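Secondary and tertiary structure notes
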Amino acid sequence: MSKVLMKGNEALGEAAVRAGCVHFFGYPITPQTEVPEYLVKRLREVGGTFVQAESEVASINMVMGAAGMGVRCMTSSSSPGISLMAEGMSYIAACELPCVVINMMRAGPGLGGILPAQSDYFQATRGHGHGDYQVIVLAPSSVQEAVDLTTLAFELSEKYRNPAMVCADGMIGQMMEPVEFPEEGAATPMPENDWSLGARDGRERRIVNSLYLSPEDLHRHNLKLKAKYDEIAANETRQEIYGTDDGYDVLVVAFGTMARICKTAIDEVRAEGLRVALFRPITLNPYPFGALRDAMDAIEGDGPVLDIEMSMGQMLYDVKLAAEGSRRIEFYGTAGGVVPSPDEVAEKIRGLMQGVQ
Amino acid sequence: MGEIQIAEERCKGCGLCIDVCPRGLISFSEDLNEKGYTYVRFDGDPAQCTGCTMCATACPDQGIEVWNKAGKQTFVNTTGLTERMTHYCPGCTHGMIHRITAECLEELDLLPRAVGVAPVGCSVLAYEYFNIDMFEAAHGRAPAVATGAKRARPECIVFTYQGDGDLVSIGGNEILHAANRGEKITVIFVNNAIYGMTGGQMAPTTLAGQRTTTCPDGRDVEETGHPIRMAELLATLQTPAFVARGSSHDPKHLLKTKKLIKQAFQHQRDGTCFSFIEVLSTCPTNWGLAPQESCDWVQDHMIPQFPLGILKEPERATAEVSG
């Protein structure tokens, strides 16, 4: 299929349809509103279900209802809306139901602003709601990758019966880029399973439930979930390493839109002869700790790591966890919807390199 | 003569069957059953029993089965419920409302494709009792879960079973909008004017002056407002809907309520509309009343505040309240 020029939010909607998702429940919020606006028309064409819910609280619970009936389903929102979904995410994860949640992050805290940010990293990777549960979190840095990761999110959520989040920022949702989609109708249908509810046809009844009144039973349930999260961590980490060909003295770590800006900045400073590489986590959860540590260990000499985020330093904690004190970690961040330019990032790198060389 | 069989081990000793037997043929045993309850027994003249089924209808615990004079079984426990004993307090009418809901599904042959959504509150464990596929939803979110479930599988009969804290308080938004969208689901709303599970706090439906642990001097409407009449509120919505209120406090009202629930499921089966059945119920434990006193309290105090009847039907365009 040839490439088409599409806005990120609309491309995400199309990617979901191509992935075989025909059930959408959501609520308008900037900067993701084009997702429901696109899907209301598109789902009509493919005979799907579109519900504009009364709130994000309702959206995520509608997703729980649909997911429990064994259909491919999703919701999308942006930061304050994801906060409202926290309760439902905990229940869905506890009930081990597959679904996809898209978060087009905007600046917070509170009502914050509508411009791009990465300040929901903690929220996405540390659990939105209560209890020991985790969500698979994928962070695209282009519209094409948003399409690819949406496809992957459905695959992983069904493979592990766990919510998967595509955690992008408003920049990805709002910009237009040429994208290529998987073939329409090529998605595999939801396989038969032994957990979803519906017409029974003589089989034993089933229950979708997260209540365990016996502490031992709940303990066992948590151990089962933990084993699953460990399996996901062992098998599903993804990352990109850029600019390592001839060795490097500094390693920049960034994800999503910020990583893309860093790439341009790195091209700029490498042209000046500075040896700088980029490590970009694609899965924010599971976090690619091992690969990042390897990349840190490959820094020549005692050069530092520079973590750059559109937040006040959230992924920074994972970068430090990966380093385990083995290396100096520097941080540069912006908030409020202020997106650093490649020149600003290049300048930061140059400043850091002065100390290195 | 008719005949009844009492499952002693299921009896919680609420005594509601004793009060409803027109011939006074049932009484308390002097012994305790395995669970420690003073169970009931048939100790009248067998020739006096007409097999009227009043006792079985009033039993919240599926503890009585009945045969008529011709030897035909006239009260059979529904297959729509599991055999598991409920955790409900003695005399709580949840058990009866579970039963009539399950009976309606069974009589309409809808059990194989019924999917229920349990709430948070006393009936949180409803998924253990309804013998069908069940969700257990977050507090107040059952109508949203049911929306997703029904939209995903329209061929299923989807219902929620919710109490007053769940539906009127924390879930006020979800029920309002599910009703207004006209989701093709059925909502069974059990109103006992108090929070049961957490130990007797004020509910949005607590009556003016009614004492609870969080309004120990009685609900002061100046400070906390009047009880919310949920059925009336939903009946103001334009979207076609079947909205009705029944009660569970005696066999006559319970059977009338069963008819309403049956109509509601028929509407869903026929793809007609959203349906909402409010059922007045008791909370002997937290009201501090004996089971039969609780039933009398529903008649004397709740029904004047929450009038019974059909408030809205698909074929009737305007809301209408009937006593």
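Residues numbered from 1 in each chain as written. Chains lettered and ligands numbered in written order. Predicted model: local features only at pLDDT ≥ 70, side-chain atom pairs only at ≥ 80, totals over all residues.

**What to know about the overall build of chain B**
Of the regular secondary structure elements, chain B holds 12 helices and 12 strands. The C-alpha atoms of chain B give a radius of gyration of 19 Å, which matches the 20 Å a tight globule of 323 residues would have. Seen through its C-alpha atoms, chain B measures out along the principal axes to roughly 55 × 50 × 35 Å. A total of 323 residues make up chain B; the buried ones form 56% of that total. (Helix = DSSP H or I, 4+ residues; strand = E, 2+ residues; numbered from the N terminus. Rg over C-alpha atoms; globule rule 2.2 N^0.38 Å. Buried ≥ 20, exposed ≤ 12 C-beta atoms within 10 Å, placed from the backbone.)

**So, the overall build of chain A**
From N to C terminus, chain A includes 13 helices and 15 strands. By the compact-globule yardstick of 21 Å for 357 residues, chain A fits well, its C-alpha radius of gyration being 21 Å. Within chain A, buried positions represent 54% of all 357 residues. The contacts in chain A between residues at least 6 apart in sequence include a share of 80% that link residues at least 24 apart. (Contact = placed C-beta atoms within 7 Å.)

**Focus: the interface of chain A and chain B**
Each partner contributes residues to the interface: chain A has 31 residues there, and chain B has 28 residues. When contributions to the side of chain A that touches chain B are tallied by element, the ones reaching two or more residues are strand 2 (23-26), strand 3 (49-52), helix 3 (56-68), helix 5 (86-94) and strand 9 (207-208) of chain A. Element by element, the count of residues in the side of chain A that touches chain B is highest for helix 3 of chain A, at eight residues. Here the side of chain A that touches chain B is composed, by residue class, of 15 nonpolar, 10 polar and six charged. Strand direction decides the pairing type here: strand 9 of chain A and strand 7 (residues 133-136) of chain B, joined by two bridges, are parallel. Paired with Val208(A) across the two strands is Phe135(B), which belongs to strand 7 of chain B. (Nonpolar A, V, L, I, M, F, W, Y, C, P; charged D, E, K, R; others polar. Pairing = 2+ DSSP bridges.)

**What about the packing of helix 3 of chain A against helix 5 (residues 142-152) of chain B?**
Between two packed helices, both the angle of their axes relative to each other and the distance between the axes serve to describe the pair. The geometry of helix 3 of chain A relative to helix 5 of chain B is characterised by a closest axis approach of 6 Å and an angle of 45° between their N-to-C directions. Relative to helix 5 of chain B, helix 3 of chain A is oriented oblique. The two elements helix 3 of chain A and helix 5 of chain B cross, and the hand of that crossing is right-handed. On helix 5 of chain B, the residues that touch Ala58(A), Asn61(A), Met62(A), Val63(A), Met64(A), Gly65(A), Ala66(A) and Gly68(A) of helix 3 of chain A are Ala144(B), Val145(B), Ala146(B), Thr147(B), Gly148(B), Ala149(B), Arg151(B) and Ala152(B). (Axes fitted to C-alpha atoms, helices over the stretch in contact; angles between N-to-C directions. Parallel < 35°, antiparallel > 145°, perpendicular 65-115°, else oblique. Left-handed = near helix turned anticlockwise from the far one by under 90°.)

**Concerning the sheet that holds strand 5 (residues 73-75) of chain B**
Residue and element names in this part refer to chain B. The strand order across the open sheet built from three strands is 1-4-5, with neighbouring strands paired in antiparallel fashion. At either end of the open sheet lies a strand with only one pairing partner, and these are strand 1 (3-6) and strand 5. Each strand axis lies, on average, 30° off the axis of its neighbour in the sheet, ignoring direction. Relative to strand 4 (residues 64-67), strand 1 runs antiparallel, the two being bridged by four bridges. Bridge pairing in strand 4 links Ile 4 to Val 66.

**Comments concerning the domain arrangement of chain A**
All names here are of chain A. Domain annotation of chain A identifies domain 1 (4-235) and domain 2 (239-356). Placing the centre of domain 1 and that of domain 2 at their C-alpha centroids yields a distance of 29 Å. Counting residues at the interface gives 27 residues for domain 1, matched by 23 residues for domain 2. At the level of elements, helix 6 (121-125), strand 6 (136-138), strand 7 (163-169), helix 8 (170-174) and helix 9 (215-235) are the ones that each hand at least two residues to the side of domain 1 that touches domain 2. Tallying contributions element by element places helix 6 first for the side of domain 1 that touches domain 2, with four residues. Class assignment for the residues of the side of domain 1 that touches domain 2 results in 19 nonpolar, seven polar and one charged. (Domains from an automatic or database assignment.)

**What about the domain arrangement of chain B?**
Note on interface size: it is often stated as the accessible area lost on association of the parts. Residue and element names in this part refer to chain B. Taken domain by domain, chain B holds domain 1 (3-75) and domain 2 (94-312). Summarising the inter-unit geometry, the C-alpha centres of domain 1 and domain 2 are found 27 Å apart. With 11 residues of domain 1 at the interface, the matching set in domain 2 holds 10 residues. Looking at the side of domain 1 that touches domain 2, the elements with two or more residues in it are helix 1 (16-20) and helix 2 (54-58). Here the side of domain 1 that touches domain 2 is built from residues that sort into six nonpolar, three polar and two charged.

**What about the packing of helix 3 of chain A against helix 5 of chain A?**
Residue and element names in this part refer to chain A. Look at helix 3 against helix 5: their axes get within 8 Å of each other, and the N-to-C directions meet at 15°. As summarised for this structure, helix 3 and helix 5 are arranged roughly parallel, according to the angle between their axes. Note that helix 3 runs across helix 5; the crossing there is right-handed. Taken together, the residues of helix 5 that come into contact with helix 3 (itself represented by Val 57, Ile 60, Asn 61, Val 63, Met 64 and Ala 67) are Glu 87, Gly 88, Met 89, Tyr 91 and Ile 92. The residue makeup of the contact of helix 3 with helix 5, split by class, is eight nonpolar, two polar and one charged.

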